[in-house]
Amino acid sequence: WGFKLSSRAVLCVCSWSVFVCVQSCHATKPNMLNVHLVPHTHDDVGWLKTVDQYFYGDRNDIQHAGVQYILDSVVDQLLKNPDRRFIYVETAFFYRWWKQQSSSMQQTVRQLVNEGRLEFVNGGWCMSDEATTHYSAVIDQMTMGLRFLNETFGACGRPRVAWHIDPFGHAREHASMFAQMGYDGFFFGRLDYQDRARRMMAKEQELLWRASDSLTPPVADLFTGILPNGYNPPEGFCWDQSCDDPPIRDDPDLEDYNVDDVVKRFMAIAENQALVYKTNHIIMTMGSDFQYENANLWYKNLDKLIRYVNGLQSNSSKVNVLYSTPSCYLQELHRANLTWALKTDDFFPYADSAHDFWTGYFTSRPALKRYERISNSNLQTCNQLEVLGGPVSRKGPFGGGDSQTMKKAMAVAQHHDAVSGTEKQHVANDYARKLASGWQHCQVLVSNSLAALSGSSSERIYCDNLNISVCPLTATSKKFSVSVYNPLARPVTWPVRLPVNGTAYTVSDANGKPVDCQVSFAVNELVFQVQAPPLGYSTYSVSLLQDGSPPTSTHQEVLLYSSLKTLCVLVFQFLKVTFDPDTGLLSSLSNLETQQSIKLTQNFYWLVYNASDGNNSLSIQPSGAYIFRPNSSTPFIISSTAQTEMVQEVRQWFSPWVSQVVRLYADSRALELEWTVGPVPIDDSLGKEVITRLDTSIQTGEYFYTDSNGREMLQRKKDFRPTWQLKQSEPIAGNYYPINSRAFIKDDVDQLTVVTDRSQGGGSIHNGSLEIMLHRRLLYDDVRGVAEPLNETSDIFPEGLVVRGRLLLSLDRPPSAADAHRPLAQEVLPLAPAALTCFQSQQLFSGLQAALPPAVHLLTLSQWDKDSVLLRLEHQFQSWESKVNSQPVTVNLQKLFSTLDVLGMSELNLSANQWKDEMKRFDWTPQKGTGRPNLPLTSLQ
């Protein structure tokens, strides 16, 4: 039962039905150019319309699209000709459609799947975004979709190909995850225009992606293909009801007979496409957004196209056209037995022309991005307590609770037009509503579980609005208790801030010992540090000592820099922070433990696009939900000074719409910057993109580092791409990268790491600096399809959205910096507080017998079925980043849990849809180079 962990491990016990799959790929011809036609539809799980509206075909005044009719029509047409093929991607839609079918129709569809005529590709609940998603949420949504396909169709329904045709840039960690999920290959549609041009010249649009520098090849190697037309059909060959291209008119007695013209044009397109690919096989995507609602239009013309093009083979034509799928196409590339160009970086940032960099969406809708990240933390809490609390968690004193609603809401939120912030406003509201509904279902489950574990059935009240300092129970009660749950597999110390109306309180921990606390009168918050055991909760008792309004003045020192020129210093056990007495801005950061110090200034700026020519017409491409395009490389400073006061913490005001609180906590090795931005003013008719910039004395040499989906770190360099000679046309937007959880700058001596609480965009434009975009409010659409300016308001904030967030800064020596920032990135999500009204309960609980080693992260603990659970453990350090924690670790599973007996274990792949020892993938040979050796990821059940 000892398990040596050098990667992710996924363990479980489960059973699957046996299905017989038929070899379904059409024969190809070795001495010809084989054109693989892939009929498909791209069905966004929300974008211009909500998920529900897209499925039912509602609100066609916005966009004509109805997914249920697409699937109805495709199945009908597949049955009419056994040669026809179709691929489907979004399991969220297919699951809904499947539930509405009769048993006979379900059996018919099973037959189509078994025969390979209907093939699932990708197979996740959605086609996730790659820039703004966290790897844990991506794994969960992929697992949900693939599990449904596995349980419904068995091995015949298991996708062999990952298919991300629409996301706006591609992350290395996504490729690594796909490889560890058992995919043979990966196809996508969007690629930087300069990168595509070079790859076309070199015939490197198909390559081998080495997607980890810590996993030993080929564990994270993934064959990757770049599709020729994005994901659309060749020009002139779209036969959907939404298209205007002429059908094939093949009656020679008619005046409009066009077969010869169609065949000639198609042959020319195919031969030109073959010039930029490496083999005698090419792929064409025959479909696009929400197409095939009337599938007869497509298939009738595709049947004719295949017949007439292939009919020329008797006249020495060397073009062979066939219905195909991505897996059949990939199989032919594998049979070619060639060597392939090797890639080890990622595909960010993405630009479709010289001034159109899709780097704005890294930050778009920052409130939704934060809510999605909090919801992920809540889902993990819900999953864990469902396991730890046992069956009573699903049906207990508070009613029936479930985690499925939250799982589906979180899965949908990973869509590339959801957390990305590129949807219409009413759709963003729908995503948030679904997440809120999911958490309400989870709250019942959590309450049931806490009741079972604590022995108390007292009502639990959840403080869901602490981000705006609202919790009626804590503000009105003289006595209450607070239970704080820790979903991490190690003990955590964390500050809790609760809104109150009193002036003095006492707080005691689970053992009755007093805990230091204080009331921050600036915002009427009670602040104290909590300690929570691994995978467990701790309960704190709070009592009011003194009621009444906060005093107008206190004995505590208050420094107003507008009137006092006094050096301000915040210092605790590990860190020291100084502020400039003339400006009120940060001036230095010191690590007292390592005896290092750097100059550090921080301020807020805004960038502007002035897209109007003065006549209210657009003269240049504006920034929008997708695109970031400032018209100057010099940002506007909001204020060169900050009005600053110090009352237990440093509070800074830069303008009426930008403020910040700077905090140090005892026992913390991180400096907290809590920023508040908004409403962003637009009275000057200018949209604004607000950034914060940290300027330091670190000598970076134009290098900086960002994470990939919250996991491995990637090196970046200003105005540079590793695989082609960049012609930089946007000095700011062209140097922005996605930051999912952290970024850092370093030299040989110092490393400053910034941990974020949501996905954001950022870069290092100047030597020694790091900037992060916090908020965007824009007045123009960027003409990329959403047809709506990114101008967020709400009933609460009619003048514009106010967003609050946190950055955590750590200063360390580079060889040991990861030992601090890896756990810090997990802790940035607050523990889940639930206010209680009763003290008669077990006040301390841990689901583990002992904390896991620092290198090991418990990624997933979830109920799989009645008798088994899904457990994912991961080694969270890259192979090169820590002398102490980058080594393999052994975990004893039998001694892991305090309330569960491990009776058996089987190891699965990362997505838990294949036994690990049965996972077979295609082998590919790189042209040159090898990746640095690395450490992997898996699933335990």
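Note that the structure is a prediction, hence the values are computed from the model and not measured.

(A) Structural context of the overall build of the protein chain. In terms of helices and strands, the protein chain carries 15 helices and 50 strands. Here the C-alpha radius of gyration of the protein chain, 29 Å, is about what a compact globule of 941 residues would show, namely 30 Å. Judged by the C-alpha coordinates and their principal axes, the protein chain covers about 100 × 70 × 55 Å. When contacts within the protein chain are restricted to residue pairs at least 6 apart in sequence, long-range pairs at least 24 apart make up 76% of them. Surface accessibility of the protein chain: about 33,800 Å² in total, with carbon and sulfur atoms responsible for 50%. Charged side chains of the protein chain number 83 positive and 98 negative; the gap between the two group centres comes to 4 Å.

(B) Here's a closer look at the sheet that holds strand E10 (residues 281-286). Here three strands make up an open sheet; going across it, the order is E10-E3-E11 and the pairing parallel. Only two strands of the sheet have a single neighbouring strand rather than two, namely E10 and strand E11 (319-323). Taken over all neighbouring pairs, the strand axes of this sheet differ in orientation by 25 degrees on average, direction set aside. Where strand E3 (residues 33-39) meets E11, five bridges bridge the pair, whose relative direction is parallel. Its bridge partner being in E11, Asn34 is matched across the sheet by Asn320. This element, helix H8 (residues 259-274), spans E3, E10 and E11 of the sheet and lies at about 125 degrees to E10. Lying over the sheet, helix H9 (residues 295-311) contacts E3, E10 and E11, oriented at roughly 155 degrees with respect to E11.

(C) Structural context of the confidence of the model for the protein chain. On average, residues of the protein chain score 92 in pLDDT, and 92% of them reach the 70 mark or higher. Overall, residues 553-564 carries pLDDT values under 50, and its contacts beyond four positions in sequence, including any with other chains, amount to 25 contacts. Taken together, the stretch residues 930-941 has pLDDT below 50 and engages in 91 contacts with residues farther than four places along the chain or on a different chain.

(D) Region of the structure containing the pattern of salt bridges. A complete count under the given rule lists 48 salt bridges for this structure. Between Asp250 and Lys304 there is a salt bridge whose closest N-O contact spans 3.3 Å. Taken as a pair, Asp250 in the loop between strand E9 (221-226) and H8 and Lys304 in helix H9 lie far apart in primary sequence, 54 residues in all. With a relative accessible area of 22%, Asp250 lands in the partly exposed category. Owing to a relative accessible area of 15%, Lys304 belongs among the buried residues under this scheme. When the shortest N-O distance is used, the salt bridge between Glu525 and Arg497 registers 2.9 Å. Residue Glu525 is located in strand E23 (residues 525-532), and its partner Arg497 is located in strand E19 (residues 492-499); the two are separated by 28 residues in the primary sequence. This pair shows no difference in class: Glu525 is buried, exactly as Arg497 is. Salt bridges sharing partners connect three or more residues here, namely Arg497, Glu525, Glu649, Arg651, Arg663, Glu672, Glu674 and Arg806.

(E) A look at the sheet that holds strand E7 (residues 185-188). In space, the six strands of this open sheet follow the order E6-E7-E9-E8-E12-E49, with mixed pairing throughout. One side of each edge strand has no neighbouring strand; the edge strands of this open sheet are strand E6 (161-164) and strand E49 (925-926). Here E7 runs beside E9; their pairing, made up of four bridges, is parallel. Counted as the bridge partner of Gly185 is Phe223 from E9.

(F) Inspection of empty space enclosed by the protein at higher detail. Across all of its chains, the model carries eight cavities of 30 Å³ or more by this definition. If you add up the space inside the largest cavity, you get close to 460 Å³. Forming the walls of the largest cavity are 28 residues, and the residues nearest its centre are His134, Leu488, Gln826, Leu829 and His857. Among the elements that take part in the lining of the largest cavity, helix H11 (residues 366-389) stands out by supplying five residues, more than any other. Tallied by class, residues from the lining of the largest cavity come to ten nonpolar, twelve polar and six charged.

(G) Fine view of the state of the cysteines. Applying the stated criterion across every chain, the model contains four disulfides. Covalently, Cys25 is tied to Cys328 through a disulfide, its sulfur atoms 2.0 Å apart. In this structure the cystine formed by Cys25 and Cys328 twists about its S-S bond by roughly -85 degrees; its chirality is therefore left-handed. With a gap of 303 residues between them, Cys25 in the loop between strand E2 (9-11) and E3 and Cys328 in helix H10 (residues 326-335) connect regions that are remote in the sequence. The partly exposed category is assigned to Cys25, whose relative accessible area is 23%. In this model Cys238 forms its disulfide with Cys243; the gap between the sulfur atoms is 1.9 Å. Cysteine Cys126 is unpaired, with the sulfur of Cys442 as its nearest cysteine sulfur at 18 Å. The class of Cys126 is buried, set by a relative accessible area of 0%.

(H) Molecular detail of the UniProt feature "domain: Glycoside hydrolase family 38 central" (unreviewed entry) in the protein chain. Residues given the UniProt feature "domain: Glycoside hydrolase family 38 central" (unreviewed entry) here are residues 356-435. Secondary structure within residues 356-435 divides into 56% helix and 8% strand; the distance between the first and last C-alpha atoms comes to 32 Å.

(I) Region of interest: helix H13 (residues 425-454). The terminal C-alpha atoms of H13, which comprises 30 residues, lie 42 Å apart, in line with the 44 Å expected from a rise of 1.5 Å per residue. Just downstream of H13 lies Gly455, where phi reads positive at about 80 degrees.

(J) A look at the packing of H11 against H13. Running from amino to carboxyl end, H11 crosses H13 at an angle of 30 degrees, the nearest separation of the two axes being 9 Å. One way to sum up the angle between H11 and H13 is to call them roughly parallel. When you trace H11 past H13, the crossing you get is left-handed. Counted together, Leu368, Tyr371, Glu372, Ser375, Asn378, Cys382, Leu385, Glu386, Leu388 and Gly389 of H11 and Ala428, Ala432, Leu435, Ala436, Trp439, Cys442, Leu445, Val446, Ser449, Leu450, Ala452 and Leu453 of H13 form the full contact between these two elements. In the contact of H11 with H13, the residues fall into 16 nonpolar, four polar and two charged.

(K) View of the pairing of E7. The alternating pattern of E7 places Gly185 and Phe187 and Phe186 and Phe188 on opposite faces, both of which are buried. Two strands pair when backbone bridges link them, and E6 and E7 are joined in this way by four bridges, in the parallel orientation. Each bridged residue has a counterpart across the sheet, and for His164 the counterpart in E7 is Phe188. In the classification by handedness, the crossover that spans E6, the intervening helix H6 (residues 172-180) and the parallel E7 is right-handed.

(L) Spotlight on the packing of helix H12 (residues 404-413) against H13. H13 packs onto H12 with a crossing angle of 155 degrees between their chain directions and a minimal axis gap of 7 Å. Taken together, the axes of H12 and H13 are roughly antiparallel relative to one another. For the crossing formed where H12 meets H13, the hand is left-handed. Within the contact between the two elements, H12 uses Thr405, Met406, Ala409, Met410, Val412 and Ala413 and H13 uses Tyr431, Lys434, Leu435, Ser437, Gly438, Trp439, His441 and Cys442. Tallied by class, residues from the contact of H12 with H13 come to nine nonpolar, four polar and one charged.

The rules behind each value
- Residues numbered from 1 in each chain as written.
- Predicted model: local features only at pLDDT ≥ 70, side-chain atom pairs only at ≥ 80, totals over all residues.
- Heavy atoms only, no water.
- Helix = DSSP H or I, 4+ residues; strand = E, 2+ residues; numbered from the N terminus.
- Rg over C-alpha atoms; globule rule 2.2 N^0.38 Å.
- Contact = heavy atoms within 4.5 Å.
- Areas by Shrake-Rupley, 256 points an atom, 1.4 Å probe, with all protein chains shown as cover.
- Lys, Arg positive; Asp, Glu negative; His and termini not counted.
- Charge placed at Lys NZ, Arg CZ, Asp CG, Glu CD.
- Pairing = 2+ DSSP bridges.
- Axes fitted to C-alpha atoms, helices over the stretch in contact; angles between N-to-C directions.
- pLDDT = per-residue confidence, 0-100.
- Salt bridge = Lys/Arg side-chain N within 4 Å of Asp/Glu carboxyl O.
- Buried < 20%, exposed > 50% of the residue type's maximum accessible area, 1.4 Å probe, protein only.
- 1 Å grid on protein atoms, 1.4 Å probe; cavity = no way out; pocket = protein on both sides within 12 Å on 5 of 7 lines; lining within 4 Å.
- Points joined across faces, edges and corners; volume = space filled by probe spheres on them.
- Nonpolar A, V, L, I, M, F, W, Y, C, P; charged D, E, K, R; others polar.
- Disulfide = S-S within 2.5 Å.
- UniProt positions renumbered as here; feature names shortened; annotations may be inferred.
- Expected span 1.5 Å × (residues − 1).
- Parallel < 35°, antiparallel > 145°, perpendicular 65-115°, else oblique.
- Left-handed = near helix turned anticlockwise from the far one by under 90°.
- Right-handed = clockwise from strand over helix to strand, strands pointing away.

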